[in-house]
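Reading the structure
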Amino acid sequence: MNTGWQSRLTSSLFVLPYLISFAAFLLFPIGYGFYISLHEFELLSDSHPFVGFAHYAEIFSPGTYLNSLFVRGLWATVQFVLYSVPLLIAIGLALALLVNALPRKIRSWFRTVYFIPYAVSASVMAVIWLMMYDTNAGLINSMLGKLGIDPIPWLTSEPWVWVALVSTTLWWTIGFNMIIFINALNQVPEDYYEAASIDGAGSWRKFASVTLPSIRPVMLFVMITSTIASFNIYAQPFLLTRGGPGDTSKVLLMNVLDQAFIRKEIGAASAMAILMAVLIMIVSVVQYRLTYGRKEE
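Just so it is clear, the model here is predicted, and its values are computed rather than measured. (Residues numbered from 1 in each chain as written. Predicted model: local features only at pLDDT ≥ 70, side-chain atom pairs only at ≥ 80, totals over all residues. Heavy atoms only, no water.)

A short note on the environment of Asn186
Relative to the helices and strands, Asn186 is located in helix α7 (residues 160-186). A relative accessible area of 45% means that Asn186 is categorised as partly exposed. Counting along the chain gives 68 residues from Asn186 to Tyr118, while the straight-line C-alpha distance between them is 22 Å. (Helix = DSSP H or I, 4+ residues; strand = E, 2+ residues; numbered from the N terminus. Buried < 20%, exposed > 50% of the residue type's maximum accessible area, 1.4 Å probe, protein only.)

Considerations on the packing of aromatic side chains
Using the criterion set out here, one finds 17 aromatic pairs in the structure. Ring geometry for Phe28 versus Tyr32: centroids 5.8 Å apart, planes at 5°, classification stacked. Here the residue Phe28 and the residue Tyr32 both occupy positions in helix α1 (residues 2-37), the gap between them amounting to four residues, near one helical turn. Judged by relative accessible area, which is 39%, Tyr32 ranks as partly exposed. Directly above the aromatic system of Phe238 lies the positively charged group of Arg242, at a separation of 4.4 Å from the ring centroid. (Phe/Tyr/Trp six-rings, centres within 6.5 Å; stacked < 30°, edge-to-face > 60°. Lys NZ or Arg CZ within 6 Å of the ring centre and 35° of its normal.)

Points about the environment of Glu194
Tracing the backbone through its elements, the reader meets Glu194 in helix α8 (residues 190-198). Taking C-alpha positions, Glu194 is 9.7 Å from Lys206, a pair spaced twelve residues apart along the chain.

As for unusual backbone geometry
The amide bond that connects Glu158 to the next residue, Pro159, takes the cis arrangement and shows omega of 0°. Geometrically, the link from Gly244 to Pro245 is a cis peptide bond, its omega value of -5° lying close to zero. For Arg242, which is not glycine, the phi dihedral falls at a positive 55°. With respect to the secondary-structure elements, Arg242 resides in the loop between α11 (235-240) and α12 (252-261).

Let's talk about the side chain of Ser230
Among the structural elements, Ser230 can be located in helix α10 (residues 216-231). The residues contacting Ser230, other than those within four sequence positions of it, are Thr77, Phe80, Val81, Ser84, Val85 and Leu88. (Contact = heavy atoms within 4.5 Å.)

Here we look at the pattern of salt bridges
Here the structure, examined in full by the defined rule, presents three salt bridges. Across the salt bridge formed by Asp247 and Arg72, the nearest N and O atoms sit 3.8 Å from each other. Of the two residues, Asp247 sits in the loop between α11 and α12 while Arg72 sits in helix α3 (residues 65-101), which places them 175 residues apart along the sequence. Of the residues examined, Asp247 reaches a relative accessible area of 39% and is grouped as partly exposed. Overall, the relative accessible area of 37% leaves Arg72 in the partly exposed class. Between Arg263 and Glu265 there is a salt bridge, with its nearest N and O atoms 3.8 Å apart. Residue classification places Arg263 among the partly exposed positions, given a relative accessible area of 41%. (Salt bridge = Lys/Arg side-chain N within 4 Å of Asp/Glu carboxyl O.)

Digging into the nonpolar core
Note on soluble globular proteins: their nonpolar side chains tend to be buried together. Ranked by internal contacts, the top residues of the largest apolar core, which has 71 residues, are Trp154, Phe181, Ile215 and Met272. Dropping the residues within four chain positions of it, Met272 is found in contact with Ile59, Leu66, Leu69, Phe70, Leu252, Asn255, Val256 and Gln259. (Core = buried A, V, L, I, M, F, W, Y, C linked by side-chain atoms within 4.5 Å.)

Looking at α3
With 37 residues, α3 should cover 54 Å at 1.5 Å per step; its first-to-last C-alpha distance of 54 Å lies within 8% of that length. Its axis deflected by about 25° at Ser84, α3 carries its strongest bend there, up to four residues before the proline Pro86. Between the side-chain oxygen at the start of α3 and the backbone nitrogen of Asn67 there is a gap of 3.2 Å, and the oxygen is on Thr64. (Expected span 1.5 Å × (residues − 1). Bend = angle between axes of the 7 residues up to and from the residue. Polar contact = N/O pair within 3.5 Å; in protein donor to acceptor, adjacent residues only side chain to side chain.)

Some remarks on the packing of helix α5 (residues 122-133) against helix α6 (residues 139-146)
Orientation of α5 relative to α6, taken along the N-to-C sense of each, is 25°, at an axis distance of 4 Å. Classed by the angle they form, the pair α5 and α6 counts as roughly parallel. Here α5 contributes Trp129, Met131, Met132 and Tyr133 to the contact with α6, which in turn contributes Leu139, Ile140 and Asn141. Classifying every residue of the contact of α5 with α6 by side-chain character gives six nonpolar, one polar and no charged. (Axes fitted to C-alpha atoms, helices over the stretch in contact; angles between N-to-C directions. Parallel < 35°, antiparallel > 145°, perpendicular 65-115°, else oblique. Nonpolar A, V, L, I, M, F, W, Y, C, P; charged D, E, K, R; others polar.)

As structure tokens, then:
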């Protein structure tokens, strides 16, 4: 009994640092954010009167300022998620398959080349792509001009602004998904492919019947992490378009930060952030249920 108790205590001590970090950097901020959302919390005031769910009620009341701000930002965010997530998954997997098909001698070199942009800071990413997308002197429009194509207003007109933001995001972050998929592909037993070959399966049939089912858990992981990252988009529209044209690409997180630090209404901003977090959790659960949950039943 003594040994069993000591073993459980030892196991708990190994988990304790993670639990402390989890509570300090996730549970406490969420709890305190929810507490702030229930108060009229302004940065320049020492008084924080309790207002209950008034901010949430205003967000859900059509015609109010918070409702308009939340809906516009959410719509811009959802558009980006719908445009970017399928490409982040499909292109990440395609690159992983391509790199794995290369000779072993140059495989690591290509992995490094595709992953380097992921290590670039947001400010460097913005400087690079602002020069690329510049309407008058940008590299892309200069190349298009040589082909007789008129300059495209990448950052100042729809739908080009979404093409620019999604393309920039793919260049910046696709290396992470590629590495995850490469690791998953390397874990698929070769026996499965040999058995499929004996049954006469071609490349496409092997991919559909062997590869995809084998990496299904990893596919779910990439889908959820890509969705969460896309919902939290901020750097790309803030640095490249400033939310333009108009408020077209002004995503929800930009509106939350404007409400908090420009209008100084922390309580309302916290309510918007909490609703955004709830929405992300709901979408993640739906993704799990649709792609992996049924298999568990």
